[in-house]
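# Inside the fold
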Amino acid sequence: MPHEIIFRTGGFMRDSWRLLPHLVSEGARIVGWSCVFGLRRALPGGPGDAELLRGYLLRLGPLYVKAGQVLGTQSGVLAGDTVEQFRSFFSDLPPMRRDQLRATLKRSGEGLFADFDEEPIAVGSVAQVHTARLVDGRRVAVKVVKTGVRERLAAASLILDALIRGAGLLVPAVRHYDLAGHFAALRPLLTGQCDLLAEQARQEAVAENFRNHPYVRVPRTIPAACREDLLVMEYVRGVPGQDPGRAGHRREDLAARLLDAFNTMVYFHGLFHVDPHPGNFLFEPGGRIVLLDFGLVGRLSEDDKWNLSSFYFACVRQEWERAADRFTTTFAQHPDRARGSGEYHAELTGILRRHFTTETGHWSTMSFLDEASRLLRRHGSLISTRFSLLALSTLTGEGFLSQVDPQLDIWRNGRKFTDRFSPYLSDDLRDTFERELRDRTPITGAARRDAARYLVAPTHFDRFVLPAAYPIVVAKASGSRLTDLDGNEYVDLSGGFGPHLLGYGHPVPAAAIRRAVDSGGVNALGSPAELTLARTLTAAFPATLAVLANSGTEAVQMAVRMARAHTGRQRVAKFEGHYHGFSDQGMVSSWFRYRGEANAPSPVANSAGAQHSVVDQTLVLQYGLDESLHRITDAAGDLACVIVEPMPSVTGGFDAGFLRRLAATCRAHGVLLVFDEVVTGFRVTYGGVQHLAGVTPDLTCLGKIIGGGLPCGAVVGRPDVVGVARSSGDPFLDVHSRAFVGGTMSGNSITAAAGAAVLGHLRDHPGIYTGLERKTAWLVGELRSHVAALGLSCEISGQRSLLGITFDYARPKLIRDRLAGSHTKANIALACYMRKHGVYLPELHTLMIGDAHTDADLELVGRAFAQSLAEMTQAGFFSFESTPPVPARSAP
Ligand code: PLP
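Please read all numbers here as calculations on a predicted model, not as lab measurements.

Calculation notes
Residues numbered from 1 in each chain as written. Predicted model: local features only at pLDDT ≥ 70, side-chain atom pairs only at ≥ 80, totals over all residues. Heavy atoms only, no water. Helix = DSSP H or I, 4+ residues; strand = E, 2+ residues; numbered from the N terminus. Contact = heavy atoms within 4.5 Å. Polar contact = N/O pair within 3.5 Å; in protein donor to acceptor, adjacent residues only side chain to side chain. Near = heavy atom within 4 Å. Nonpolar A, V, L, I, M, F, W, Y, C, P; charged D, E, K, R; others polar. Phe/Tyr/Trp six-rings, centres within 6.5 Å; stacked < 30°, edge-to-face > 60°. Buried < 20%, exposed > 50% of the residue type's maximum accessible area, 1.4 Å probe, protein only. Lys NZ or Arg CZ within 6 Å of the ring centre and 35° of its normal. pLDDT = per-residue confidence, 0-100. Axes fitted to C-alpha atoms, helices over the stretch in contact; angles between N-to-C directions. Parallel < 35°, antiparallel > 145°, perpendicular 65-115°, else oblique. Left-handed = near helix turned anticlockwise from the far one by under 90°. Pairing = 2+ DSSP bridges.

## Observations concerning the environment of Thr633
Relative to the helices and strands, Thr633 resides in helix 26 (residues 626-635). Sequence separation between Thr633 and Val671 is 38 residues; the distance between their C-alpha atoms is 9.3 Å. Ignoring sequence-local partners within four residues, the contact set of Thr633 consists of Thr665 and His669. Separated by 3.5 Å, the side chains of Thr633 and His669 make a polar contact.

## Examining the site of the ligand
Surrounding the ligand, one finds Ser551, Gly552, Thr553, Tyr579, His580, Gly581, Glu645, Asp676, Val678, Val679 and Lys704. In this structure, Tyr579 approaches the ligand through a main-chain N or O atom, which is 3.4 Å from a nitrogen atom. For the shell around the ligand, the class distribution of residues is three nonpolar, five polar and three charged.

## Details of the packing of aromatic side chains
Scanning all chains against the criterion turns up 29 aromatic pairs. Here the aromatic rings of Phe311 and Phe327 are separated by 5.7 Å at their centres, their planes lie at 65 degrees, and the arrangement is edge-to-face. Here Phe327 lies in helix 13 (residues 320-331) and Phe311 lies in helix 12 (residues 302-316), a separation of 16 residues in the sequence. Like Phe327, Phe311 is buried. With a centroid separation of 6.1 Å and 75 degrees between ring planes, the pair formed by Phe575 and Tyr623 is classed as edge-to-face. You can see Phe575 sitting in strand 16 (residues 571-575) and its partner Tyr623 sitting in the loop between strand 19 (619-621) and helix 26, a full 48 residues away along the chain. The exposure classification of Phe575 matches that of Tyr623, with both residues buried. Following the ring pairs from residue to residue traces out a cluster consisting of Tyr267, Phe268, Phe311, Tyr312, Trp320, Phe327, Phe331, Phe356, Phe368, Phe387 and Phe417. If you follow Arg139 out to its NZ or CZ, it ends over the ring of Tyr235, 4.3 Å from the centre. In this arrangement the basic side chain of Arg257 is found over the ring face of Tyr215, its NZ or CZ atom lying 4.8 Å from the centre.

## Description of the confidence of the model for the chain
With 86% of its residues at a pLDDT of at least 70, the chain reaches an overall mean of 87. Here residues 73-78 is a poorly scored stretch, pLDDT under 50, and it has 25 contacts once near neighbours within four places are set aside; other chains count. Contacts for the low-pLDDT stretch residues 885-892, under 50 throughout, to residues beyond four places or in other chains number 18 contacts.

## Side note on the packing of helix 32 (residues 767-790) against helix 35 (residues 855-875)
For the pair helix 32 and helix 35, the least separation of the axes is 10 Å and the interaxial angle reads 20 degrees. Classified by the angle between their axes, helix 32 and helix 35 sit roughly parallel to one another. As for the relative orientation of helix 32 and helix 35, their crossing is right-handed in sense. For the pair formed by helix 32 and helix 35, the contact residues are Arg774, Lys775, Trp778, Leu779, Glu782, Leu783, His786, Val787 and Leu790 on the first element and Asp855, Leu858, Glu859, Val861, Gly862, Phe865, Ala866, Leu869, Ala870 and Thr873 on the second.

## What about the sheet that holds strand 14 (residues 489-492)?
The sheet built from four strands is open, its strands ordered 12-13-14-26 with mixed pairing. Looking along the sheet, the strands with just one partner apiece sit at the ends: strand 12 (474-478) and strand 26 (839-840). Bridge analysis of strand 13 (residues 481-484) against strand 14 gives three bridges, and the strand direction is antiparallel. By the bridge assignment for strand 14, Leu482 is matched with Tyr490.

What follows is the structure, given as structure tokens:
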């Protein structure tokens with residue numbers, strides 16, 4: 001492309017002009033050292049290649065060292081011993097001259113320090129670290145960029161870029177591997193190392209991710225004292241990473257903790273340390289690990305994390321064909337190029353099989369990636385830049401781990417991350433679960449197997465993404481109790497996922513249903529029950545009209561259609577992590593999969609078969625962030641409505657201020673605001689979250705409780721908006737201006753009678769809601785006390801009959817981070833343990849209690865929780881200590 005060449009040349013010329021003196025000296029350095037390198041290689045009896053390359057790159061400067069390392073993770077360009085030698089770069093580099101240090105401090109640190117020790121405590125290729133005391137007396141560590149490094153990095157990167165581009169013009173292989181593209185992606189990372197303000201931001205981001213972590217600590221920075229060439233942070237004392245023997249903690253446990261910290265960064269945070277060599281770690285008393293130096297930090301997007309997890313998941317299950325395909329999607333720069341060759345797939349399958357079965361005991365991610373990337377290279381591809389940074393991190397990190405504990409079984413100890421969606425911590429534990437369940441629930445097990453022949457899945461909860469490990473089949477339910485087919489009784493914490501606020505088999509809806517059946521059970525024709533339900537709903541949500549539906553999903557579909565018809569606009573905005581039923585629209589970016597930037601997500605279907613145009617047209621927002629309000633404003637011209645769970649089920653709290661600002665933004669732009677209160681309606685109070693938050697939406701979707709235990713849904717809202725579903729009296733006008741909503745069974749007399757009876761009972765017994773608040777608060781306190789007694793990282797949240805248990809040290813604000821970071825395996829396992837102790841809880845769903853739960857029920861839940869946690873602790877679920885290697889076994 002001539003334009004592109006002119007443009008790039010223009011950029012190059014501009015930069016070059018500024019950097020001319022540095023370019024000349026860098027150029028001379030490269031030519032000079034390249035001649036020496038060539039000569040020494042040619043001489044017989046000279047040093048080995050690795051040593052030579054090390055010396056060559058060291059002399060060329062910091063950029064080459066790093067770029068060489070990163071590129072060296074590709075297909076073993078650098079041999080293992082060279083890599084070993086690179087590690088020593090970090091320990092024996094010379095500091096800058098004292099006069100240069102003083103000049104930097106005078107320029108950037110004037111007035112900051114009461115005293116400053118000029119003897120560095122660490123020296124790297126780009127910067128060195130000193131101790132100092134701030135004028136306010138605080139002891140700090142100060143990282144200072146070495147004089148001249150910035151210019152050298154910039155000049156070197158320009159030259160390297162030009163050389164790679166030049167080589168690309170002359171050498172087809174360089175073009176083919178897109179080394180220029182690879183380098184372009186790395187360049188800002190490499191040159192950005194001397195911008196310490198950027199590093200300060202990275203360090204804070206990692207520190208924030210590890211806030212409250214039981215044993216990982218990142219020193220907090222002092223932003224007001226940071227400059228482009230000075231990074232000031234709290235001073236942390238500890239045993240150097242090179243010396244784990246002095247840490248006063250078992251080496252194998254330290255290694256397990258280090259591995260857990262790496263994996264947490266990669267799988268959960270998507271923000272990882274690229275340089276985890278011993279010099280960047282300290283050990284504090286009690287085995288706490290301090291992470292230092294965020295010059296290079298790699299990022300993985302939501303898609304990257306998803307792909308990485310899906311690859312390992314297939315490997316865990318030894319599904320090699322699938323694993324090979326996922327490997328290519330995840331790691332290859334040009335997946336289609338590699339896939340094009342038939343042999344590639346067969347060879348890759350062989351590599352996977354070998355590494356993930358026979359060699360798991362002395363697992364090395366690096367040796368696996370090395371072999372796989374050689375294969376990619378033979379088939380015209382490369383490991384993508386993001387993942388070469390991960391490979392570099394793994395290379396350094398596994399080297400460090402092997403120094404701390406050569407025996408660490410990396411694969412087995414990483415199971416928490418690579419096999420997150422099962423309750424099994426080990427094969428032994430799986431056998432125990434299976435045996436216990438076989439003994440306790442043989443009839444239920446048989447029923448499940450039998451049902452699989454007729455039903456798409458044996459139970460409702462068995463269908464999709466995270467099917468229950470051991471779904472229950474209920475013979476009878478009464479009040480707060482379930483009895484399974486085998487006669488085991490459980491206190492129920494599912495509430496049937498919402499409808500049974502009064503408890504199972506409550507006499508009020510039961511009597512209403514009987515009467516409605518006796519009256520003929522009409523549907524599609526008018527009935528007094530339908531009127532009563534609508535009158536009750538509109539009284540609870542004043543100044544509204546109602547339309548009845550058969551489920552929450554239908555209510556949402558109706559609301560969206562009415563919003564489009566009323567506004568004449570097409571697009572819908574929704575919030576990430578909010579679920580609105582199983583329609584295409586309702587499941588965009590809902591529970592399982594997220595995409596794009598945290599503050600401005602992109603839409604992604606959460607189910608196969610969703611209409612792409614619906615998904616792609618959806619604007620996905622983040623609850624609680626004002627950025628979302630700006631995005632609504634920007635898109636307002638096309639937006640029919642914004643739909644939100646005002647109290648998202650996953651987090652279980654609501655932000656009244658945000659809801660008010662959201663309502664104001666929508667109002668200002670004529671965008672309709674839809675509250676999905678399918679779960680919260682008549683559960684959190686008589687009415688919904690809107691009554692608690694003092695915010696009135698244009699439309700409200702209801703379901704669950706309003707059907708009294710039978711299928712039901714409704715939309716209530718502004719009469720002029722809901723009125724769009726009312727005929728104009730002119731059929732020609734109706735078809736293009738009125739919304740058609742509802743079906744055969746909507747508002748049928750049996751459901752409506754049950755719903756109206758339950759709502760009437762709730763209205764007439766406001767004490768039910770105060771009772772539920774009291775019981776929820778008691779249970780939250782009780783569960784928290786057991787967590788605290790064991791010192792576990794577990795959040796118990798709950799209010800107004802809804803509860804959540806999340807095994808995570810962090811309390812992330814965004815749902816995507818909550819779901820990514822939580823110890824899913826522990827949640828799933830908890831459900832199995834609780835079952836043993838007489839409590840049914842859905843594995844990954846909000847927990848719900850109801851009016852039928854007695855104090856004795858809740859005490860039983862408390863005891864079951866305490867016993868379960870104790871057993872899970874015993875089984876190693878919450879341990880960051882090493883899981884000892886076992887002699888012979890299959891891959892976990
Ligand atoms: N909206 C929310 C917030 C929900 O939680 C659900 C279901 O759990 C729905 C809508 C869909 O309701 P239904 O399952 O009745 O279709």
